[in-house]
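Below, each chain spelled out in residue letters.
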Amino acid sequence: MNENAVEGRNVVIEAFRSGKTVDKLYIQDGLKDYAISTILREAKKHGTYVNFVNKDRLDCMSETGKHQGVIAIVAAYEYASVEDILEKARQKGEPPFVFILDGIEDPHNLGAIIRTANLCGAHGVIIPKHRAVGLTAAVARASAGAINYTPVAKVTNINKTMKELKDAGMWFVCADMGGEKMYNIDLTGSIGLIIGNEGDGVSEGVKKSCDFIASIPMKGDIDSLNASVACGVLAYEIVRQRIAKGAKYEK
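Under an unreviewed UniProt entry, the name given to the chain is RNA methyltransferase, TrmH family, group 3, and the organism recorded is Lachnoanaerobaculum saburreum. Under the Sequence similarities (unreviewed entry) heading, UniProt states for the chain: "Belongs to the class IV-like SAM-binding methyltransferase superfamily. RNA methyltransferase TrmH family."

Written out as structure tokens, the structure is:
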């Protein structure tokens, strides 16, 4: 069970009202009463995705055995905004360098990616609200403290966010086996690096919104890298190109 879980109707209501960010909400299917209606109103107000599941699923998730049909997963850290990430780039006098994660579900992968973002000089990480892991304590541990220095924004729609950033002059590259070798693509300037889901990769809609599709040369007997490793390889190719072009390199 997630260590950031809170269980029970009143506890979940108070989590919302106290200003905590609820990443995911699980409600027993079929429940209809005043407390459940209140929780659903709070979820709608805060844009929280609701998962309706059966009682057996909640029983398996529960550590207290007293979930009362409701379990919420609360973020361990506060989220930034996309504007916060762009402002960080402006303050450093650098073209924005952003990671956008299309459905990363493993907290260890997300933590490792946040750590890489910090070390390679990226200005922040953007994740989707739905079907992705949020800022849990496990993510924080895997980031080795980088979560305290690297802003992470959570958005409802990755494609919409990409369009807004494109309008602001950003280019996007995603990792995919069928793309152009990363060494042959100009990855300098204002750029967003897209990393897809561990199993399915980058979704088709997001891939179509990308300006470049980059492949990582591989000569082994298997055909793919772990998502966080692929992110690191491509991120440091971007760093290499920036340095080669004479861009300053600061953490």
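Now that the structure has been shown, the text picks up again.
Caption draft 1: Summary view of the sheet that holds strand β5 (residues 97-102). With parallel pairing, the 6 strands of this open sheet are ordered in space as β7-β6-β5-β9-β8-β10. Both outer strands of the open sheet, β7 (152-155) and β10 (212-215), are each paired with one neighbouring strand and no more. Within the sheet, the average angular offset between the axes of one strand and its neighbour, ignoring direction, is 30 degrees. Pairing analysis gives 4 bridges linking strand β8 (residues 171-181) to strand β9 (residues 191-196), with the strands arranged parallel. Bridged to C174 within β9 is I194. Along the sheet face, helix α4 (residues 82-92) touches β5, β6 (124-128) and β7 and points at about 165 degrees away from the line of β6.

The rules behind these values
- Numbering of residues starts from 1 in each chain and follows the order in which that chain's sequence is written.
- Predicted model: local features are reported for residues with pLDDT of at least 70 only, side-chain atom pairs are reported and counted for 80 or more only, and whole-chain, interface and lining totals are derived from all residues.
- Side-chain measures here rest on the full set of heavy atoms in the structure, leaving out hydrogens and waters.
- UniProt positions are given in the numbering used here, feature names are shortened, and annotations may be inferred rather than shown by experiment.
- We treat two strands as partners when DSSP finds at least two bridges between them.
- Helix and strand definitions here come from DSSP, where helices need a minimum of 4 consecutive H or I residues and strands a minimum of 2 consecutive E residues; each element is numbered from the N-terminal end.
- Angles run from 0 to 180 degrees between N-to-C directions of axes, and those axes are lines fitted to C-alpha atoms, restricted for helices to the stretch in contact.
- Should any heavy atoms of two residues lie within 4.5 Å, those residues are counted as being in contact.

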